[in-house]
Structure formats: structure tokens, C-alpha cells
Amino acid sequence: MLKSFARQSTLKQVASRLSARSMSTVVNDSVGPKCYGGTYTVTLIPGDGIGQETAASVKSVFNAAKVPVEFEQFDLSGFTPENDNLMQEALASLRRNKVGLKGILYTPIRKGHSSFNVAMRKELDIYASVAHCKNIEGVQARHSGVDFVIIRENTEGEYSGLEHQSFPGVVESLKIITRPKTERIARYAFDYALRNNRKKVTIVHKANIMKLADGLFLNTCRAVAKEYPTIQFNDMIVDNTAMQLVSKPQQFDVMVMPNLYGSIVSNIGAGLIGGPGIVPGANYGREFSIFEPGSRHVAKDIQGRNTANPSSLLLSSVMMLRHLQLGNHADQIESAVNKTLSVDGIRTPDLGGSHSTTEFTKAVIGNL
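Residues numbered from 1 in each chain as written. Predicted model: local features only at pLDDT ≥ 70, side-chain atom pairs only at ≥ 80, totals over all residues. Heavy atoms only, no water.

Draft legend 1. Layout of the overall build of the protein chain. A tally of helices and strands in the protein chain yields 11 helices and 14 strands. Residues classed as buried in the protein chain amount to 53% of the 368 residues present. Of the roughly 16,200 Å² of accessible surface on the protein chain, a fraction of 53% belongs to carbon and sulfur atoms. (Helix = DSSP H or I, 4+ residues; strand = E, 2+ residues; numbered from the N terminus. Buried < 20%, exposed > 50% of the residue type's maximum accessible area, 1.4 Å probe, protein only. Areas by Shrake-Rupley, 256 points an atom, 1.4 Å probe, with all protein chains shown as cover.)

So, in C-alpha cells, the structure goes:
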């Protein structure tokens, strides 16, 4: 079912929820997603570029699988003015529903409004970005045996948006790193490793140059690591991380890092396994969660051509269904996507195939 709001207008219980929601946050789980009569209401923001096409694919698959989710859709765009009421309506819907599924919103370069994507994460304090880079059988990739998770702090770092021109031709851009938010993302990363039977956490930094900011991030993460004696940890300078990823990505398990490094590393990870079209992602806070592709590309160049790969949004929706404790539906859709790619060989052009978005979606539905 779809409601469209387009442009026209005790401890055991908590523990059981955490085991079901393998990707969710630990704090304040009593305030959960809205469910009425067995149906969850989820905010849907298709996004720019290929967003409408990939969102349509998700809705078709959900309908075919009889997923008990009703979408409130907002056709928000990064091309709209910053004071657009639709942005506030979408935020109100997210606050009400607690869970959102979104594509990527365009952000102007050099001039124009600040990123709507970043604004949503800050406004709702959705502090932990999770992107899973893993080989899919049958999809040609540069390396095999890749399976690592990138956990990225979402609300500060270089994305703080604090810039000013102190003198003509001289611009100062502030990078904000705080101990409380670093402790929070570090603890999330180690908790994630425990909950998901991961063995090691790698702390990514540039503390050799940014001795105060990244030094604080590194030292705070190291202090948190001592609370998790069963989880191995190491640290790695971000430029070395890039080289190690393209030469031996199998060494990584869980990675935790500040905001900008997470953006770069997630794109490297996407390139390692076949491209951004197959990387799912999620963003978690104390109370709200937004699920979106793990490698954040608008793909405006292929908008409207019916060639977009909907796998990343479909697999992000699988993460959302597990968060909503709809594990059977999540497993069903995930298996259908994997079978379509690995067994049937149905692939869109980004993966070297010639099938359309529509054909791929129909194949997934056929494999449910």
C-alpha cells in the first residue's frame, strides 16, 4: 500500500529486539517504528537521478512479496529551494514513523543550499552510517572473499558545514571532532562486531598530520576498544587504508572512521565488488533510522533510461525489514535478488549486462 505525499500538497524484551535487529542501535529501543494492525508505516524519499526508478522497483517487489509496509512518499529533490516546505514535511514524517527508505538527494557544487542528505542526519541525530561491502556470487569483481562493514560517523568531522572566508581568497573550513560523539560511534562499531560475530575492528584516521582532531578520534577509539577484550582492533592511516583496500581487502572486517574518510572508503569498497549498484547501507540513531544505498550516487546521467540497477536500494530495504523484525520477508527478497544476479545472470549495464530496470525487477519478483 502507498500513501503519497508528493509535491502537491523489561530487559528481555529489549534483548530480543536487539537480536532480531542485528543492525539497529542499542539505546532507547522502547521508542520504535510505527505499526498499526500489523502494518508498518515507512517514510519513502526516492531521491534524485535514478531514485524514482529504483524506488518503483522496491514498491513492486514489496507488493509482490506482500510485505506489511505502507509508504508515505515525499518527492523531495536536492534541486528544490532550501526553504521548501516539502523538506519539513518529510522530516515530520520521519519523526512520526521513525524509519525511512531513501535514495540519494542531489547536492549543488560550490553554490546553492547545503546537503539535504547531511541535514536529515544532523536534524534527527542519525549518527551511525553502516555500509556492507561483500562479493555477490556471479558478479565479476576485482577481488574475491571481500566482506567488510564500514561504520562512519555521520554528524560531524569535515561535514560540519562550518566554513567562512576570513579574507578575500582565504577560506577556513572547520573540522569538528568531539569525544562524546567519537565514543558513541566507536562503541557502536564494537557493539556491531559483537552482535554480528565479527572478529576485528580497524580504526581509520590521519592522526599523524591532524594530531589534535584525528588524535582525539584515535585515542578515544582505543580507549573504547579496551572495553571489548574479545574483539581484536588495530588502527590504520587513511591513505594506507586506501592502498590496502585495493591490494588486500580481505584483511578488513569492521572499519570505523570519521565522516569524510567513510565517504571515500565506501566508494573504494563499491569499486572492489562490482560498483555502487550492489552496496546496501543504513543510518542509525537513538530513535530514527534511514536506509539508503551505501555508496551515495545520484546517477543523474542515466536518469529515465530504465537502465538503473535497483539492487542497492532493494538490499537496503532488506536491512530495513530486519530492523522492523520482518526477517522472513527480508530473507525472501535478499535470496531473490542474489538468485537473479548469480544464478539467472540478469544484470543491468553497470554490471556488464544488458537488462533493463524493469526486466531486473520482474526477475526478482519471479524468484520470490
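Draft legend 2. Expanded view of the packing of aromatic side chains. As enumerated under the stated definition, the model contains 6 aromatic pairs in all. Ring centres of Y188 and Y284 lie 6.2 Å apart, and the angle between their planes is 25°; this geometry places the pair in the stacked category. In this pair, Y188 sits in helix α5 (residues 179-195) while Y284 sits in strand β13 (residues 281-284), placing the two residues 96 residues apart along the sequence. Residue Y188 shares its accessibility class with Y284, and that shared class is buried. Each ring, one from Y284 and one from F291, has its centre 5.6 Å from the other, and the planes form 85°; the classification is edge-to-face. Grouping residues by exposure puts Y284 and F291 together as buried. An aromatic cluster is built from Y127, Y188, Y284 and F291, whose rings are joined through pairwise contacts. Of note, R184 hangs over the ring of Y127, and the distance from its end group to the ring centre comes to 3.9 Å. (Phe/Tyr/Trp six-rings, centres within 6.5 Å; stacked < 30°, edge-to-face > 60°. Lys NZ or Arg CZ within 6 Å of the ring centre and 35° of its normal.)

Draft legend 3. Inspection of the environment of A141 at higher detail. Inspection of the secondary structure puts A141 in the loop between β6 (128-134) and β7 (147-153). For A141, a relative accessible area of 29% gives the class partly exposed. With sequence-adjacent residues up to four places away left out, A141 is seen in contact with N135, L272, I273 and G274. (Contact = heavy atoms within 4.5 Å.)

Draft legend 4. Here's a closer look at the packing of helix α2 (residues 51-65) against helix α11 (residues 357-366). Look at α2 against α11: their axes get within 10 Å of each other, and the N-to-C directions meet at 20°. Of the possible angle classes, the one that applies to α2 and α11 is roughly parallel. Relative to α11, α2 is oriented so that their crossing is right-handed. Each of E53, S57, S60, V61 and A64 in α2 lies in contact with α11, whose residues at this interface are T357, T361, V364 and I365. Split by residue class, the contact of α2 with α11 holds 4 nonpolar, 4 polar and 1 charged. (Axes fitted to C-alpha atoms, helices over the stretch in contact; angles between N-to-C directions. Parallel < 35°, antiparallel > 145°, perpendicular 65-115°, else oblique. Left-handed = near helix turned anticlockwise from the far one by under 90°. Nonpolar A, V, L, I, M, F, W, Y, C, P; charged D, E, K, R; others polar.)

Draft legend 5. Focus on the side chain of N259. Among the structural elements, N259 can be located in helix α8 (residues 259-273). For N259, the side chain forms a polar contact with the side chain of R152, separated by 2.8 Å. In terms of polar contacts, N259 uses its side chain to reach the backbone carbonyl oxygen of E153, at 3.4 Å. Setting aside residues up to four positions removed in sequence, N259 forms contacts with R152, E153, N154, T155, E156 and Y159. (Polar contact = N/O pair within 3.5 Å; in protein donor to acceptor, adjacent residues only side chain to side chain.)

Draft legend 6. Up close: the pattern of salt bridges. In total, this model carries 16 salt bridges according to the counting rule given. A salt bridge links D125 to R184, with the shortest nitrogen-to-oxygen separation between them at 2.8 Å. Placement of the pair is D125 in the loop between α4 (116-123) and β6 and R184 in helix α5, with a sequence separation of 59 residues. Accessibility expressed as a relative area gives 17% for R184, which makes it buried. With its nearest N and O atoms 2.6 Å apart, the salt bridge here joins E334 to R322. On the criterion of sequence distance, the pair formed by E334 in helix α10 (residues 327-342) and R322 in helix α9 (residues 311-323) is long-range, its members being 12 residues apart. Among the residues examined, R322 registers a relative accessible area of 23% and is labelled partly exposed. Several salt bridges converge on common partners, so that one network encompasses K102, R121 and E292. (Salt bridge = Lys/Arg side-chain N within 4 Å of Asp/Glu carboxyl O.)

Draft legend 7. Seen up close, the pairing of strand β12 (residues 254-257). Burial of the side chains of β12 extends over both faces: V254 and V256 are buried on one face and M255 and M257 on the other. As paired strands, β7 and β12 are joined by 4 bridges and run parallel to one another. From the neighbouring strand, V149 faces β12, where its bridge partner is V254. One ladder, built from 3 bridges, connects strand β10 (residues 200-205) with β12; its direction is parallel. Bridge pairing in β12 places I203 opposite V256. (Pairing = 2+ DSSP bridges.)

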